[in-house]
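Now for the letters of each chain:
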Amino acid sequence: MSGRTWTAAALCDWLRAERGVRVGAAWLTELLHRDGFGWKRTRDTLRHKADPVLQQAARAQPEDLRPYGWRRIPA
């Protein structure tokens, strides 16, 4: 079950298929919360694919020469 994002509904389906246990998603969520489990929204990121050399080169450029992204607006 590791390496995967689980929803309460998906976990209910897995419990039914693998263990023969039928439980509703709302009740399962309640039970998990009682035992101290919570959920956190997942984020899509490409950070793991970033090239550190290119990142360093981009940081070295003066802010006004960066081709895109957020820039400070002079006051």
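Being a predicted model, the structure only gives us computed values, none of them experimental.

Scoring rules and cut-offs
Residues numbered from 1 in each chain as written. Predicted model: local features only at pLDDT ≥ 70, side-chain atom pairs only at ≥ 80, totals over all residues. Heavy atoms only, no water. Phe/Tyr/Trp six-rings, centres within 6.5 Å; stacked < 30°, edge-to-face > 60°. Core = buried A, V, L, I, M, F, W, Y, C linked by side-chain atoms within 4.5 Å. Buried < 20%, exposed > 50% of the residue type's maximum accessible area, 1.4 Å probe, protein only. Helix = DSSP H or I, 4+ residues; strand = E, 2+ residues; numbered from the N terminus. Salt bridge = Lys/Arg side-chain N within 4 Å of Asp/Glu carboxyl O. Polar contact = N/O pair within 3.5 Å; in protein donor to acceptor, adjacent residues only side chain to side chain.

Caption draft 1: Quick peek at the packing of aromatic side chains. Across all of its chains, the model carries 1 aromatic pair by this definition. Between the aromatic rings of tryptophan 6 and tryptophan 14, the centroid separation amounts to 6.4 Å while the plane-to-plane angle is 80 degrees, which identifies the pairing as edge-to-face.

Caption draft 2: Expanded view of the nonpolar core. The biggest cluster of nonpolar side chains holds 5 residues, and these are Leu11, Cys12, Leu15, Val23 and Leu28. Among the elements that line this core, the one with the most residues is helix H1 (residues 8-19), at 3 residues.

Caption draft 3: Examining the pattern of salt bridges more closely. With the rule as written, the count across this model stands at 2 salt bridges. Across the pair aspartate 13 and arginine 16 runs a salt bridge whose closest N-O atoms are separated by 3.3 Å. Here aspartate 13 and its partner arginine 16 are both found in helix H1, 3 residues apart, which amounts to about one turn of the helix. Take arginine 16: its relative accessible area is 35%, and that puts it in the partly exposed class. Here glutamate 30 and arginine 34 are joined by a salt bridge, their closest N and O atoms 3.2 Å apart. Of this pair, glutamate 30 and arginine 34 both sit in helix H2 (residues 25-34), 4 residues apart, which is roughly one turn of the helix.

Caption draft 4: Representation of helix H3 (residues 52-60). The buried fraction of H3 is low, at 0 of 9 residues. Sitting at the head of H3, aspartate 51 places a side-chain oxygen 3.1 Å from the backbone nitrogen of valine 53.

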